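# Understanding the architecture of this molecule
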Amino acid sequence: MTGFAEEVRRHRLQGRESPIYWYASIGSTNDEAFRLEERERIPEGTAVIADAQTQGKGRSGRNWFSAPGAGLYLSVLLRPAKRGPSPFPLTLVAGVAVATALERQVGRPPRLKWPNDLRYEGLKVGGILTEARANPDRVTSVVVGIGINLSQLPEHFPPDLRQTATSVAVATGRRPDRAELAAKVLDELDAGYRLWLQRGLGPVAEAWRRMASTLGRKVRAVKNGIALEGLAEDLAEDGSLVIQTPAGPARIQSGEVTEVELTECSS
Ligand code: BTN
């Protein structure tokens, strides 16, 4: 294990240690976690962390900007299949874990935009990419990938991200220690994951509601190719977003949701 991985491990709560793979540069920590799972059958809870990613992946086929040393790029391998019905809620579990870890580290939690964004003042500071592998019968493994912008100034982002992205340093004025933050994220994720396995989404959903920016807002979404607009009312027990539309309640479990300013909304 390298110095950085040892540092992360030192900051973790006692008894919560699981293997950590550290890379100076890698394509994607999510891909590497699946590769290790296939080749080495790594234990559940194994973390893959990189200083830089050359092909960091975001949701919906987008790239995740992953400059060296500027962010936390972390993936965790989980095997919830035997116990949980669908791995979808893990994105919400991870969002709460990261927001809580940031609150502990810099004193201010980001807000959670359903399903996977972490934001300060409406600007994206982090995101979660949950990917699953399955055989015909069941999901065999899940990788929860977490990206957090830590120290970038606006001019460090590619031009197309400058209006929408921020970093923890810019938003809070604090530069968290990366190893300590990684340890807190891993501890919080571990605790949230166990809670979800034991009691379902209920307790984590409570925390998510408190930290969410989406609820109570007008939103736009697309369901089965049809655009809809309405008030984001609640989180359902399976993690989907309940939107009250003029045609009645709709549940969204995938795709993009845009938070709309009230003045912009036509419904
Ligand atoms: C998003 O908001 O679009 C999700 C971004 C997820 C980025 C992280 S960085 C670590 C892990 N490895 C990847 O390739 N992606 C995730």
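Please refer to the structure placed before this passage.
About the cut-offs
- Residues numbered from 1 in each chain as written.
- Predicted model: local features only at pLDDT ≥ 70, side-chain atom pairs only at ≥ 80, totals over all residues.
- Heavy atoms only, no water.
- Near = heavy atom within 4 Å.
- Polar contact = N/O pair within 3.5 Å; in protein donor to acceptor, adjacent residues only side chain to side chain.
- Areas by Shrake-Rupley, 256 points an atom, 1.4 Å probe, with all protein chains shown as cover.
- Helix = DSSP H or I, 4+ residues; strand = E, 2+ residues; numbered from the N terminus.
- Salt bridge = Lys/Arg side-chain N within 4 Å of Asp/Glu carboxyl O.
- Buried < 20%, exposed > 50% of the residue type's maximum accessible area, 1.4 Å probe, protein only.

On to the site of the ligand, then. Lining the immediate environment of the ligand, one finds 20 residues, of which Ser28, Gln53, Lys57, Arg59 and Lys124 sit closest. A distance of 2.6 Å separates an oxygen atom of the ligand from a polar side-chain atom of lysine 124. Within the complex, the protein chains bury 99% of what would otherwise be the 410 Å² of accessible surface of the ligand. Residue assignment for the shell around the ligand shows that the elements contributing at least two residues are α2 (29-40), β3 (71-78), β6 (123-134) and β7 (139-149). In terms of residues, the shell around the ligand owes the most to one element, β6, which gives 4 residues.

For the rest of this paragraph, the subject is the pattern of salt bridges. Under the definition given, this model contains 22 salt bridges. The salt bridge partner of glutamate 32 is arginine 35, with a shortest N-O separation of 2.9 Å. Taken together, the residues glutamate 32 and arginine 35, both in helix α2 and 3 residues apart, mark about one turn of the helix. The class for glutamate 32 is buried, based on a relative accessible area of 8%. The salt bridge involving glutamate 256 is made with arginine 59; its shortest N-O contact spans 3.6 Å. Of the two residues, glutamate 256 sits in the loop between β11 (248-252) and β12 (257-260) while arginine 59 sits in the loop between β2 (47-53) and β3, which places them 197 residues apart along the sequence.

Right, let's talk about unusual backbone geometry for a bit. Residue proline 115 is reached from tryptophan 114 by a cis peptide bond, and omega for that bond is -5 degrees. Residue serine 60 is not a glycine yet carries a positive backbone phi of 55 degrees. With respect to the secondary-structure elements, serine 60 resides in the loop between β2 and β3. Judged by relative accessible area, serine 60 falls into the exposed class, the value being 54%. Phi at asparagine 224 takes a positive value of approximately 50 degrees, unusual for a residue other than glycine. You can see asparagine 224 is positioned in the loop between β8 (218-223) and β9 (226-235).

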